Amino acid sequence: MKRTAPLLAITAVLALALSACGSSTTGSDASGATDENLLQHVESSGVLTVGTEGTYRPFSYHEADKLTGFDVEVIEAVGEQLGVKVEFQETQWDGIFAGLEAGRFDVIANQVSVTPEREEKYLLSKPYNYSSGVIVTKSDNTDITSFDSLKGKTTAQSLTSSFHDDAKAAGAKIQAVEGWAQAVTLLKQGRVDATINDKLTYLDSQKTNPDDGIKIAAESADKTETVVALKKDQPELRDAINGALDELSADGTLTKISEKYFGEDITK
């Protein structure tokens, strides 16, 4: 009987120790927060860490030595709604999801589009902007009014872009270019009939360098949705971000940020 009490005490201590070990996970992030209570950690620390490129204008880029951009302002507004400070970790796109998985930051805000693969592997917030593919022509072009009318026409496309595949599927002849600027140059010179690109690229170009010599001739029916990406086991933080996005949509903040960068509301 005299040994029973010490054994019970030891058992209790071991149980508490095991319980303490069980309350955390091996997947803790770099700041010390565990995967199970990341929202609580963000709230208690007052900091939301965000992975972004910092080189992707107009979404995440530097101007006068300050990180700015559409995605930057959106996630900063989310942080304000949550009552926390946003700290950015700039990361190349090729390694940004690996950084999320390694716990270098809590979320990604960098024009992450919704794909079946990402829906399977990550938690995704509700969309905060939408885009589509557009056909851009010279302003006086009346021949091209749809994707079907690209058949037999020549379009300027980056060979690594999904829009190259769209142009090819439409029966267009392809003139390879490095990007938007070169495509527009060839278009205005009359060396190509059109170019297919992201609508946001067109809107950004027209906002920063207005050009009445080009126009959107047609727009795809499919929309691309942009979201905040989180690790799969963070529903509490995802729900909090969704709530913040709802508030920012309702009070007009998202519209205001959108019009600042694109001249129109791309958030609905």
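Here is a short report on the structure shown in this document. (Residues numbered from 1 in each chain as written. Predicted model: local features only at pLDDT ≥ 70, side-chain atom pairs only at ≥ 80, totals over all residues. Heavy atoms only, no water.)

A look at helix H9 (residues 235-250)
Compared with the 22 Å implied by 1.5 Å per residue over 16 residues, the 22 Å span of H9 between its first and last C-alpha is a close match. Those residues of H9 lying buried are Leu-237, Arg-238, Ala-240, Ile-241, Asn-242, Ala-244, Leu-245 and Leu-248. Taken from the residues just after H9, Gly-252 is the one with a positive phi, measuring 85°. (Helix = DSSP H or I, 4+ residues; strand = E, 2+ residues; numbered from the N terminus. Expected span 1.5 Å × (residues − 1). Buried < 20%, exposed > 50% of the residue type's maximum accessible area, 1.4 Å probe, protein only.)

Here we look at the sheet that holds strand S8 (residues 133-138)
The 3 strands lie next to each other as S11-S8-S12, forming an open sheet whose pairing is antiparallel. The outermost strands of the open sheet, each flanked by one partner alone, are strand S11 (195-198) and strand S12 (214-219). Between one strand axis and the next, the sheet turns through 40° on average, direction left out of account. The strands touched by helix H7 (residues 180-188) are S8, S11 and S12; relative to S8, the strand with the most contacts, the crossing angle is about 35°. (Pairing = 2+ DSSP bridges. Axes fitted to C-alpha atoms, helices over the stretch in contact; angles between N-to-C directions. Contact = heavy atoms within 4.5 Å.)

Some points on the packing of helix H8 (residues 199-208) against helix H10 (residues 253-262)
At a minimum axis separation of 8 Å, H8 and H10 run at an interaxial angle of 70°. Taken together, H8 and H10 sit at an angle that is classed as roughly perpendicular. Taken together, the residues of H10 that come into contact with H8 (itself represented by Leu-200, Leu-203, Asp-204 and Lys-207) are Glu-259, Lys-260, Tyr-261 and Phe-262. When grouped by side-chain class, the residues that make up the contact of H8 with H10 number 4 nonpolar, no polar and 4 charged. (Parallel < 35°, antiparallel > 145°, perpendicular 65-115°, else oblique. Nonpolar A, V, L, I, M, F, W, Y, C, P; charged D, E, K, R; others polar.)

A closer look at the nonpolar core
Judged by nonpolar contacts, the single largest core of 45 residues is most densely connected at Phe-70, Val-107, Leu-237, Ile-241 and Phe-262. The leading source of residues in this core is H9, at 6 residues. Each residue touching Phe-262, except ones within four places of it in the same chain, is listed here: Pro-58, Phe-59, Phe-70, Leu-200, Leu-203, Asp-204 and Lys-207. Grouped together as the second largest cluster of nonpolar side chains are 11 residues, Ile-135, Phe-163, Ala-172 and Ala-217 included. (Core = buried A, V, L, I, M, F, W, Y, C linked by side-chain atoms within 4.5 Å.)

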